[in-house]
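Analysis of the macromolecular model
Residues per chain are reported as follows:
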Amino acid sequence: MSMKKKVILISGLSGAGKTSVSNILEDLGYLCIDQFPSKLIKPLLDLIENDESAKYERVGITVPLMDLEDYFDVLDNLHIDSKLILLDADQRVLLNRYKFTRRIHPLLVGNVADTLEEAIGIEKEVIAKYEEKFEVIDTTNLGQSELRQIVESMISAESRDKFTISFESFGFKNGIASDADLVFDVRFLDNPFYFEELKHKTGNDKEVYDFVMSKERTKEYLNYLLSYLDYSFKMYTREGKRHLTVAVGCTGGQHRSASLVNYLYDHYKEQYNCLKKHRDIK
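I will try to describe carefully the structure that is included in this document. Residue numbers restart at each chain and count upward from 1, following the sequence in its written direction. With the structure being a predicted model, the display of local features is reserved for residues of pLDDT at least 70 and the display and counting of side-chain atom pairs for 80 or more, all residues being used for whole-chain, interface and lining totals. The side-chain numbers reported here are obtained from all heavy atoms of the structure, hydrogens and water having been left aside.

Each salt bridge in this description consists of a side-chain nitrogen of Lys or Arg and a carboxyl oxygen of Asp or Glu lying within 4 Å of one another. Taken as a whole, this structure holds 11 salt bridges when the rule is applied. Among the salt bridges present, the one from Arg148 reaches Glu152, with a minimum N-O distance of 3.7 Å. With a gap of four residues between them, Arg148 and Glu152 both fall in helix 7 (residues 144–155), about one helical turn apart. Assessed through its relative accessible area of 30%, Glu152 is described here as partly exposed. For Asp266, the salt bridge goes to Lys269, with nearest N and O atoms at 3.5 Å. Here Lys269 falls in the partly exposed class, since its relative accessible area comes to 36%. Salt bridges sharing common partners tie together Asp27, Arg148 and Glu152. Put simply, DSSP H or I for four residues or longer makes a helix, DSSP E for two residues or longer makes a strand, and each gets a number counted from the N terminus. Each residue gets one of three labels from its accessible area relative to the maximum for its type: buried under 20%, exposed over 50%, partly exposed in between, using a 1.4 Å probe on protein chains only.

Given below as structure tokens:
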């Protein structure tokens, strides 16, 4: 029997970043195939499974969301180690991406939808079927570096079985973090903004961090927060969830939320595969 090959399926909403993920996998040594026709799925996967050369040892396949079930049906009967990277994004962001690139949505080309909004809505309904069974990466607020970190953590041998947590700070005045699984509001903590020497600094600066973390209210809050997160992370891991985004918000996303995200990242980074992002610190 031939050695077990690795196939990563890249799917999700059109415009959510499938090409970016494919490029990341290519950088990691994967042979990537873009938008392969669904009618040729069986011959392709048979080739991958039976070819003895190293060429097909690790393969990434970009799959239209509407054809995903066809791939599942074939993969169930093959000796292939498969993984799914599923991508989603906010409808408003997808609309802007299409306007910026001036590309045409595949469902418009195929006459499945009459408008871009309708096309995105159809795919939103389809991806909802998979959200309970598979981990979905929301790329709404992800830059290329953050996306690369998440993808690498999902497929690397070292962290394949390790729970990944993204800690993100944000400011409520700029809108809530739409990609968050858990959101914590810390606007009740003492605010460094009202101190002139700290106003123009951020939670990445020691002076601000020390100010926030030294307050009794912060220490009391962290006792409750860490107990909650410890239990939640344990339960999410037990249920097989691979990635979780924890967002912490204050008014502007500069001081209190950034300080707590830095603390949480440092606190959990030895136990879990942790990432951090300060959305509103430029």
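Only protein atoms enter the 1 Å grid used here, on which a cavity is any set of points holding a 1.4 Å probe that cannot leave and a pocket is any open set flanked by protein within 12 Å on both sides along at least five of seven lines; residues with an atom within 4 Å of a point are listed as lining. Grid points are joined across faces, edges and corners, and a volume is the space filled by probe spheres set on the points. Quantified by volume, the largest pocket comes out at close to 800 Å³. Along the wall of the largest pocket there are 36 residues; nearest its centre are Phe134, Glu135, Val136, Lys241 and His243. Secondary structure elements with two or more residues in the lining of the largest pocket: strand 4 (80–88), strand 5 (136–138), helix 7, strand 6 (164–171), strand 8 (243–250) and strand 9 (273–278). We call Asp, Glu, Lys and Arg charged. Ala, Val, Leu, Ile, Met, Phe, Trp, Tyr, Cys and Pro are nonpolar, and the rest, Gly among them, are polar. Among the residues making up the lining of the largest pocket, the classes are represented as 10 nonpolar, eight polar and 18 charged. Considering only enclosed or pocket space, the second largest pocket measures out at about 390 Å³ in volume. Contributing to the lining of the second largest pocket are 16 residues, with Ser14, Gly15, Thr19, Tyr98 and Arg103 lying nearest its centre.

Among the eight residues in strand 8, eight count as buried, and that is most of the element. Side chains His243, Thr245, Ala247 and Gly249 of strand 8 all project onto a buried face; the interleaved residues Leu244, Val246, Val248 and Cys250 project onto the opposite face, where all are buried too. Strands were regarded as paired on the criterion that DSSP finds at least two bridges between them. Taken together, the eight bridges between strand 6 and strand 8 define a ladder with parallel strand orientation. Its bridge partner being in strand 8, Gly171 is matched across the sheet by Cys250. Note that strand 7 (residues 182–185) and strand 8 share four bridges and pair parallel. Counted as the bridge partner of Phe184 is Val248 from strand 8.

On to the side chain of Ser259, then. Its location among the elements puts Ser259 in helix 11 (residues 256–268). A residue is classified by how much of its surface remains accessible, and Ser259, at 0% relative accessible area, is buried. Under this definition, polar contacts are N or O atom pairs within 3.5 Å; protein pairs additionally need one hydrogen-donor-capable and one acceptor-capable atom, and for neighbouring residues in sequence, both atoms have to be side-chain atoms. A distance of 2.8 Å separates a polar atom in the side chain of Ser259 from the backbone oxygen of His255. Should any heavy atoms of two residues lie within 4.5 Å, those residues are considered in contact. In this structure Ser259 touches Gly203, Val208, Tyr209, Val212 and Met213, once residues within four positions along its chain are discounted.

Pairing is parallel in the open sheet, where four strands are placed in the order 7-8-6-9. Both edges of this open sheet fall to strand 7 and strand 9, since each of them pairs with a single strand only. Ignoring which end each strand starts from, the neighbouring axes of this sheet average 20° apart. Lying on the sheet, helix 7 is in contact with strand 6, strand 8 and strand 9; it crosses strand 9 at an angle near 170°. Axis definition: a line fit to C-alpha positions, over the contact stretch in the case of helices; interaxial angles, taken between N-to-C directions, run 0 to 180 degrees.

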